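# Close look at the chain arrangement
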Amino acid sequence: MSMKIGVLALQGAFREHIGMLNQCGVEAEEVRLPSQLDDLSGLIMPGGESTTMVKLLRRYGFEAALERFALMGRPVFGTCAGAILLAAGQDGRRKDLLPRIDINITRNAYGRQIESREAEVKLAFSPERPFRAIFIRAPIVTATGPSVEALSFYRDRVVLAREGAMLVATFHPELTEDDRIHQYFIAMVQDAQAADSVAPFLPEQQQAAFVK
Ligand code: GLN
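### Observations regarding the nonpolar core
- In terms of nonpolar packing, the biggest core is built from 33 residues, with Ile5, Phe135, Leu160, Leu167, Phe171 and Phe185 touching the most fellow members.
- Of all the secondary structure elements, the ones that give two or more residues to this core are strand S1 (4–8), helix H1 (14–23), strand S8 (116–123), strand S9 (126–136), strand S11 (149–154), strand S12 (157–163), strand S13 (166–169) and helix H5 (180–198).
- For this core, the element with the highest residue contribution is H5, accounting for six residues.
- In this structure, Leu167 is in contact with Val76, Phe77, Gly78, Leu86, Leu151, Leu160, Ala161, Arg162, Tyr184, Phe185 and Met188, ignoring residues within four places of it in sequence.
- Counting 31 residues, the second-largest nonpolar core is a separate cluster that includes Met45, Ile101, Ile105 and Ala165.

Given below as structure tokens:
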């Protein structure tokens with residue numbers, strides 16, 4: 001099955017994600033228009049400045065296309081600012097639009113002094129050696145819903161999490177040479193493609209809306 005993963009390229013660290021996907025042998029595309037989502041099997045929302053990204057997403061009319069993408073069960077991976085965009089809750093704000101992951105997140109929460117740092121973290125799906133996590137003005141995950149799987153921690157905080165086809169990292173895996181997290185996301189995309197060829201995947205609440 002052919003696979004092409006898009007990287008939202010409105011702003012931020014998208015080139016590094018493209019490089020990492022290519023390193024993994026996957027075709028990657030810079031996404032600047034909502035219509036590009038139609039023939040993508042997965043999407044990465046990169047780090048950058050989440051407030052700017054939200055504005056640009058609105059300006060270019062991405063909302064409906066992104067929602068459709070999520071309803072089709074296509075995986076989305078958000079890193080840092082991208083994780084903020086996917087969070088269902090952010091500093092008291094509730095996100096209703098899809099795609100979203102059931103976590104609460106607080107922006108720039110490590111404080112100014114330690115706003116950027118590197119730390120070794122353990123990946124639940126690859127515990128044999130640590131992963132060098134690079135945090136840059138990183139957000140903090142303050143709560144996770146019951147169906148969210150915590151895949152890595154830093155100082156008791158969840159820094160990598162998955163819910164269904166959604167994956168978020170509060171750090172920047174694309175800035176290292178280590179491609180294990182991208183490989184994990186690629187496997188999610190493969191699983192979604194396999195499931196898609198059998199039966200359409202729809203989140204439960206959406207299924208209810210369709211069965212009328
Ligand atoms: N601090 C940024 C924000 O709040 C995120 C930083 C990043 O993506 N590296 O949007």
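Continuing now.
### As for the pairing of strand S2 (residues 27–31)
- In this sheet, S2 lies alongside S1 in parallel orientation, the contact comprising five bridges. Opposite Ile5, over in S2, you have Ala28 as the bridge partner.
- Handedness of the crossover joining S1 and S2 through H1: right-handed.

### Details of the site of the ligand
- Neighbouring the ligand are the residues Gly47, Gly48, Glu49, Ser50, Cys80, Ala81, Ile84, Arg107, Asn108, Ile136, Arg137 and His172.
- A distance of 2.9 Å is found between an oxygen atom of the ligand and a backbone nitrogen or oxygen belonging to Gly48.
- Contact between the ligand and His172: a nitrogen atom at 2.8 Å from a side-chain N or O atom of the residue.
- Surface burial for the ligand is 97%, taken as the share of its 300 Å² of free accessible area covered by protein chains.
- Taken together, the residues that form the shell around the ligand break down as four nonpolar, five polar and three charged.

### Looking at the sheet that holds strand S10 (residues 140–144)
- Taken together, four strands build an open sheet; the order of strands is S6-S5-S7-S10 and the sheet is mixed. Looking at which strands have only one partner, the edges of the open sheet turn out to be strand S6 (93–94) and S10.
- Where strand S5 (residues 87–90) meets S6, two bridges bridge the pair, whose relative direction is antiparallel. Bridge pairing in S6 places Gln90 opposite Arg93.

### Observations regarding the sheet that holds S11
- Read across the open sheet, the seven strands follow the order S2-S1-S3-S4-S13-S12-S11; overall the sheet is mixed. Bordering the open sheet on either side are S2 and S11, each of which pairs with just one other strand. Averaged over all adjacent pairs, the angle separating strand axes in this sheet is 20°, with direction ignored.
- Bridge analysis of S11 against S12 gives five bridges, and the strand direction is antiparallel. The residue of S12 that forms the bridge with Tyr154 is Arg157.

### Some thoughts on the pattern of salt bridges
- Under the counting rule described, the total for this entry stands at 10 salt bridges.
- Close ionic contact of Asp38 with Arg68 constitutes a salt bridge, the shortest N to O distance being 3.7 Å. With Asp38 in the loop between S2 and strand S3 (42–45) and Arg68 in helix H3 (residues 63–71), this residue pair connects regions lying 30 residues apart in the sequence.
- Measuring nitrogen to oxygen at the nearest pair gives 2.7 Å for the salt bridge that ties Glu118 to Arg132. Residue Glu118 is located in strand S8, and its partner Arg132 is located in strand S9; the two are separated by 14 residues in the primary sequence.
- Taking the relative accessible area as the measure of exposure, Glu118 reaches 48% and is therefore partly exposed.

Reading guide: rules and limits
- Just so you know, the residues in each chain are numbered from 1, in the order the chain's sequence is written.
- Reporting in this predicted model follows two pLDDT cut-offs: at least 70 for local features of residues, and 80 or more for side-chain atom pairs to be given and counted; totals over whole chains, interfaces and linings ignore these cut-offs and use all residues.
- Note that the side-chain values use all heavy atoms of the structure and ignore hydrogens as well as water.
- To form a nonpolar core, buried Ala, Val, Leu, Ile, Met, Phe, Trp, Tyr and Cys residues must be joined to one another through side-chain atoms within 4.5 Å.
- Accessible area is worked out with a 1.4 Å probe on protein chains only. A residue is then buried under 20% of its type maximum, exposed over 50%, and partly exposed in between.
- Under the DSSP-based scheme used, a helix requires at least four consecutive residues in state H or I and a strand at least two consecutive residues in state E, with every element numbered from the N terminus.
- Between two residues, a contact is recorded if the distance between any of their heavy atoms is within 4.5 Å.
- For two strands to be treated as a pair, DSSP must find no fewer than two bridges joining them.
- With strands facing away from the observer, any crossover in which the path from the first strand over the helix to the second runs clockwise is taken as right-handed.
- We call a residue near a molecule or strand when any one of its heavy atoms sits within 4 Å of it.
- Distance and chemistry together define a polar contact, namely a pair of N or O atoms within 3.5 Å, with one atom able to donate a hydrogen and the other to accept it when in protein, and with adjacent residues in sequence counting only for side-chain atoms on both sides.
- For the accessible areas, the method is Shrake-Rupley and the probe is 1.4 Å, while residue cover comes only from the protein chains on display.
- Residues are grouped as follows: nonpolar covers Ala, Val, Leu, Ile, Met, Phe, Trp, Tyr, Cys and Pro; charged covers Asp, Glu, Lys and Arg; every other residue, Gly included, is treated as polar.
- Axis definition: a line fitted to C-alpha atoms, over the contacting stretch in the case of helices. Angles run 0 to 180 degrees between N-to-C directions.
- Here, a salt bridge means any Lys or Arg side-chain nitrogen found within 4 Å of an Asp or Glu carboxyl oxygen.

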